[in-house]
Structures are given as C-alpha cells and as structure tokens.
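Given next are the chains, with one letter for each unit.
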Amino acid sequence: MAHGSQNVNSSIRRDLLAKKGDDQPLSDNSSLLVSGRLDSVDAVEIAVLLEETFNLDFGEIGFDPTMIDGIEDICRMLKGESQKG
Amino acid sequence: MSTWANGRFVICTNVLLARFVSSGEPPFKGSHSPNKDGNPNPRELVTPLDGSSVNTNLTVAVESPVAPLEGKLASFRLIPRIETYPKVVSFVQTPLGKVVLLALFGLGLWASMGDWLPLTLCLAAITFLPTKRRLLVSICTLAFTFLVPRIHGSVPLSIIATFVQVFTLAALFFWCAVLWPRSLYGRRPVVFLLCTFSAFIVLGTILSKNERAYTLLWQFLFIFATYVWFIGYSLLDANSPKHDNFGLQLGAYSPFWGSSNTPFPKGASYLRQIEARDAEQLAVTQLKGLKLLAWSLLILMGLRWSYSFFHEHLGIPTFAEALKLSVHGQPLPWYGCWGGLIFSFFMGLMSVSATGHRIVACCRMAGFNALRNTYRPLSSVTVAEFFNRYYYYFKELLVDFFFYPTFLRYFKKSPKLRMAAAIFAAACFGNAFYHFTASLDFVRTYGLWHALVSFQVYFFYCALLAAALTISNLRRRKKVYAGFLRSRLLPATSVIFFYCLLDVFGSSEHKYPLIEHFRFFGHLFFLNF
C-alpha cells in the first residue's frame, strides 16, 4: 500500500500538478474534485477508468464524487468493494 | 488496502494520469478549499480584479505566451488578499477580531439586503461556537423558516403546518433510504422523489378548483417545490456511510444564508467536506467571505449604475421590451435588437454574480469554504466552460441528479453516445424539468397541457444548449492554440456571442410562441418575416 501510494503521489506531482505550475506537496488525502481541481467530466473519466480496471459498476454500487475525491478516497472505496466482493 | 487492489491501483492511476496529461485541458473552476489535511490549497493564486484565490488549473497562462500579461494583471488587486496576511488571520481569531469581522460583514449585509440583522446574529453565534456549527446551522435555518418571516407580518398557521408536512415527508424519504438501501426504493430514492413530486403536480391539475383538497394540495406543492432538490441531496447522502442525521440535513434545506430552489452550496454531504477544521481555517474562510461580500457589493453598484446609465439615460431597451415590440409588429432596428439582447445578457450576468457572491459569502462566514457560484464566466473559452462558470451550483445540481446517473448506467459500450446522452439528460431534460416545476404558479393557472405548450421556447432553448454542450465536450480535448488572440480572445468572444444568441430563446416569461422568438432572431440579422 505504501509503495503504491508513493508511486501515485510522485506520478501526480510529476505529470499532473507540475505541468500546471503546482509544485506544492501533495498528500494522499488531498482533494481533487471537491476542491474544484478536476471537473465533473474528469470525475466520470476516473469512474470509467476504475470500472474498466477493477470491474466495478458504479451504476449498481452508486456514485458519489467524494468517493474518488483523492487517492486515499479511491483506495478506501476499492478496499470496501473488494471486501464486499 | 488489499493486495488485490494495490498493484492494479498503481497501473490504473498511471493510465489515468496519462489521460489527463495528454489532454492539456484547463479545468473549470476556481478552488477555495483547503486540503483535507488542513494545508492551504497549493492551487490558490490571485485573480486580477478581486484578489480572491484561483485554481492554477484555470491559469492556462502558466505555459502559454500570455503569461507575462496575465502576470501583470494578477499583480493588480481591487480587494487585497487579506486572508494571506498572518497578522490579520491571527487577529480574526481573537474575540475582538471576531467582533470586528462580524461588524464589517453586518455592515455589508445591511447595504445589500433585508433581514441583515438576524442573519448577522446567526453568523455571530456560529462564529463564537464553532464546535456546534452544524447544529447551529440547523437551528438558524429553522429560525429563518419559521420565525424570521414573522418580522414582516404574521404567518398563517396553515403555512407553518405545510412546512412541517414537507419536512415530515422529507424525513420519511430519508429514513426509508437509510433503512433499506438495497431495496428498489433505496437504490433509486431520487427517482422516487421526483416521480412523487411529478405525480402531485399532475394530481393538482386534475382536481377541481372548487375542492378544498385543491387549495391544500397546491399550498403543499408550492412549498414542496422549493425543497425538492434539497431533499434530493439528502437522499444522495443517505447511501453514504458517513451521512448526517436528519436534524443536520435540515440545516442544508434552504439554509439561513440564502438560496434559490438550487441548493447553495449543494447538500449536507458537501458541507461536511468544506467545513473549516480549526480556528485558522475558520479565520481564512471568513476573511474570504468578507472579501466576496465586498465584491458582491461592487457588482451590485455596477449593476445599478449600468441599469441607470444604459437603460434610463441612453434608452437601451431590455430584451423583454425589444421582443415585445417585435411581437407587436414594431421591431426595433437591428442595432436596437442587439443592444437589448447584449444589455440584458450582461445585466443577468451581473445580477447572478452579485446574488451568488452574497450567498456564498454568508456561507463562508458560517465556516464553510464553498466555491463561488459565478467565477469569471467571460474568460470562458468553450461553451461547456461558460456553463460551468456562470451558475456553478445549478450546473452541479444537473450533474448530480441527471448527468452522473445517466452516464454511469446507459450506453456503456459507446463513449460518445454515452456522453451525449448524459449531457442531454442533464442540460436538456433536467434543465427543462427544473424550470417547469419551478413555475408551478404557471401550471396551476393554465393547466398542465397549456403550461407545457407555453414552455415550448424554453424546451427549445434546453435542446440547443444541450447540443452545444455535447459538441463542446466532445471537442474538449482538441488542440490548444498559442497566442492571446487565438487562445483566449477569439474563443471567449465566440462563447459570449453564442450565449447572447441563445438568450433569445431563454426567455422565462413564456408569453410568446417559438415563432416570435425566431422572428426576433431574424431581426438581429436584418431579416423581417
């Protein structure tokens, strides 16, 4: 988990935020959607990607943007779904 | 996290990042929210005019040739960034500082609205008792529902009883969704809510006007209509494991800081996310609220001056006046039609901005770091971006209740059709449904069928808007031009031009048939038919 988080963190910092001139630290619990960093279309792109990668169906489990608001939220949501499954 | 998810999660996030990086898309909305860990948001820069924080995602200039120009503009601030001054932030955390801040805020409210005193008193209570914030929000909201209206005159008992009935129905909907989340109702509570609401409307148009039930039902419907989207947000929250109890949900039902039928700022779930976590965050949030109120007052002054100068002094008509003349066979010349259209467009923009800023300012003063409702719409370079920036919380309502459910359930094998269907569900059907059900007086007066016919122009407007948004979204990942003229000025002007033209069909008066709006549209381009 720690290794995964580091990879994600560094990728976001390097590829996403640095490109936008944002060189501040990024933690796993940083908000991406509620803060307005990404918009609703980006949110559904994340959802689609999670559906494709993890075989989820947000139409069934319900979708709330706060579920994927940050890396920590995504991890928590995936963990919850894996325990259910 | 389980091993199952761990490895795949890294892959997934890298793919995700690759998609965003390749897009080069400047997202839409300024952010004012702190990180969840309490750090100041790293994306907060400075807007050229009001000095409020800005999402760096918006500042396309970071990597474009216009950076020096925008940098110079950014150094100019009409309202200083007081929330970044450590001494000011520290002072506002002291009892004296809180009193001074509240006094200044109260003064601003006094200049911009009625009921400023009870609102300021509510904000004072929340400022001095931040640990009881959510409870106080509920109490203050109930006070503004039942007590504050009595300042202006007695409120009939039947009205109070109807409010109680609506809240009871809302509680019933909410508790059922919480108790049976896997039931047919629990999986689609919002669908049940909107169907119930629609069924009541149909029933209201069927009942005879002489019946006692008719009066009671319409009284209920008028109040239910003002709360239906607030109840909807409660139902969306009901499935969340961290949902608030119904008492706290009530605080977000047309909250005391103000709202339209559109919930500002969304529901209880959103309030949980944007609530200030400590004294410093509260101070920063409140200072931002004060700044936004000042900005609202400036826009309000500009609005009044513009109306007086352009309309009363120069004689530029409003769109409604120009349309009326066209309908009566005495159309204004083309420049008069354009003048009326552009004048009304900017008046509407300023009015929405001033009102939205004031409501969000009060919300921030209560300790919730809400995003602005209107955020630099004239800088939008796409139709979709303007829609995001013009009336954010209405857009969010359409997204939460119509866009997400459609997108996540239908046409999964066809990405473009999926996106188009979701946008039409939100911007066309959702938009039309919202406005039709918000005009219940019209429905009661003319009956269901005639009301639907009278809404033909607005339905057409919604369809046009949805089509434009679909095209805009499907094109959103295309090439970004370099240079201020091609990257900013021309696209922004085109977007404003489009929305001005669209406003010909966005009339909310529903007085004239579609052909009259087309006739006016023709006058804009020297066509008389």
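Sequence order as written defines residue numbering, which begins from 1 separately in each chain. Chain labels run from A onward and ligand labels from 1 onward, assigned in the order the entries are written. Note on the predicted model: pLDDT of at least 70 is required for a residue's local features to be given, and 80 or more for side-chain atom pairs to be given and counted; whole-chain, interface and lining totals, by contrast, use all residues.

**Here we look at the overall build of chain A**
Line of reasoning, step 1. Each helix and strand in chain A was counted, giving four helices and zero strands.
Line of reasoning, step 2. Working definition: helices are DSSP H or I runs of at least four residues, strands are E runs of at least two. Numbering for both runs from the N terminus. In chain A, the order of α-helices and β-strands from amino to carboxyl end is α-α-α-α.
Line of reasoning, step 3. Exposure classification rests on a simple neighbour count of other C-beta atoms within 10 Å of a residue's own: a residue reaching 20 or more is buried, one at 12 or fewer is exposed, and one in between is partly exposed. C-beta atoms are placed from the backbone. Taken across its 85 residues, chain A has 46% of its residues classed as buried.
Line of reasoning, step 4. A pair of residues counts as a contact when their C-beta atoms, built from backbone coordinates, are separated by no more than 7 Å. Sequence-distant contacts, at least 24 apart, represent 47% of the contacts inside chain A between residues at least 6 apart.

**Examining the environment of Asn239 of chain B**
Line of reasoning, step 1. Looking at the element boundaries, Asn239 of chain B is found in the loop between α10 (212-238) and α11 (246-250).
Line of reasoning, step 2. Expressed as a C-alpha distance, the spacing of Asn239 of chain B and Leu408 of chain B, which sit 169 residues apart in the sequence, is 17 Å.
Line of reasoning, step 3. If we ignore the near neighbours within four places in the chain, the residues touching Asn239 of chain B are Gly62 of chain A together with Ala177 and Pro181 of chain B.

**What to know about unusual backbone geometry**
Residue and element names in this part refer to chain B.
Line of reasoning, step 1. Pro265 follows Phe264 through a cis peptide bond whose omega is -15°.
Line of reasoning, step 2. At Ser254, a position not held by glycine, the phi torsion is positive, near 50°.
Line of reasoning, step 3. One non-glycine residue, Phe526, adopts positive backbone phi at about 65°.
Line of reasoning, step 4. Its place among the elements puts Phe526 in the segment after α23 (514-524).

**Some remarks on the packing of helix α14 (residues 319-327) of chain B against α23 of chain B**
Residue and element names in this part refer to chain B.
Line of reasoning, step 1. Close contact between α14 and α23 brings their axes to 10 Å; oriented N to C, the two are set at 105°. The pairing of α14 with α23 is recorded here as roughly perpendicular in orientation. Seen from α14, the contacting residues are Leu323, Ser326 and Val327; seen from α23, they are Glu516, Arg519, Phe520 and His523. Each axis is a line fitted through C-alpha atoms, taken for helices only over the stretch in contact, and angles between the N-to-C directions span 0 to 180 degrees. Each angle gets one of four labels, with under 35 degrees taken as roughly parallel, over 145 as roughly antiparallel, 65 to 115 as roughly perpendicular, and the rest as oblique.

**Focus: the packing of helix α4 (residues 95-112) of chain B against helix α13 (residues 279-313) of chain B**
Residue and element names in this part refer to chain B.
Line of reasoning, step 1. Where α4 contacts α13, the two axes come as close as 10 Å, and the packing angle between them is 25°. Considered as vectors, α4 and α13 are oriented roughly parallel to each other. Here α4 and α13 pass one another in a crossing that is left-handed. On the side of α4, the interface is formed by Leu101, Leu104, Phe105, Gly108, Ala111 and Ser112, while α13 contributes Gln286, Leu290, Leu293, Ala294, Ser296, Leu297 and Leu300.
Line of reasoning, step 2. Per-class residue counts for the contact of α4 with α13 are nine nonpolar, four polar and no charged. If you view the pair so one helix is near and one far, a crossing is left-handed when the near helix is turned anticlockwise from the far one by less than a right angle, and right-handed when it is turned clockwise. Only Asp, Glu, Lys and Arg are considered charged in this grouping, and only Ala, Val, Leu, Ile, Met, Phe, Trp, Tyr, Cys and Pro are considered nonpolar; every other residue, Gly among them, is considered polar.

**Digging into the domain arrangement of chain B**
Many authors give the size of an interface as the accessible area that is lost as the parts come together.
All names here are of chain B.
Line of reasoning, step 1. An automatic or database domain assignment supplies the residue ranges for each domain. Partitioning chain B into domains gives domain 1 (156-254) and domain 2 (376-529).
Line of reasoning, step 2. Here the C-alpha centre of domain 2 lies 28 Å away from the C-alpha centre of domain 1.
Line of reasoning, step 3. Listed per partner, the contact involves 13 residues of domain 1 and 10 residues of domain 2.
Line of reasoning, step 4. Of all the secondary-structure elements, those providing two or more residues to the side of domain 1 that touches domain 2 are α9 (189-206) and α10.
Line of reasoning, step 5. The element contributing the most residues to the side of domain 1 that touches domain 2 is α10, with seven residues.
Line of reasoning, step 6. Among the residues forming the side of domain 1 that touches domain 2, the class breakdown is 10 nonpolar, three polar and no charged.

**Remarks on the confidence of the model for chain B**
All names here are of chain B.
Line of reasoning, step 1. When pLDDT is averaged along chain B, the result is 84, and 84% of the positions lie at 70 or above.
Line of reasoning, step 2. Contacts for the low-pLDDT stretch residues 1-66, under 50 throughout, to residues beyond four places or in other chains number 168 contacts.
Line of reasoning, step 3. Predicted complex, confidence summary: ipTM 0.77, pTM 0.83. Within a predicted model, pLDDT stands for the predictor's per-residue confidence, ranging from 0 to 100.

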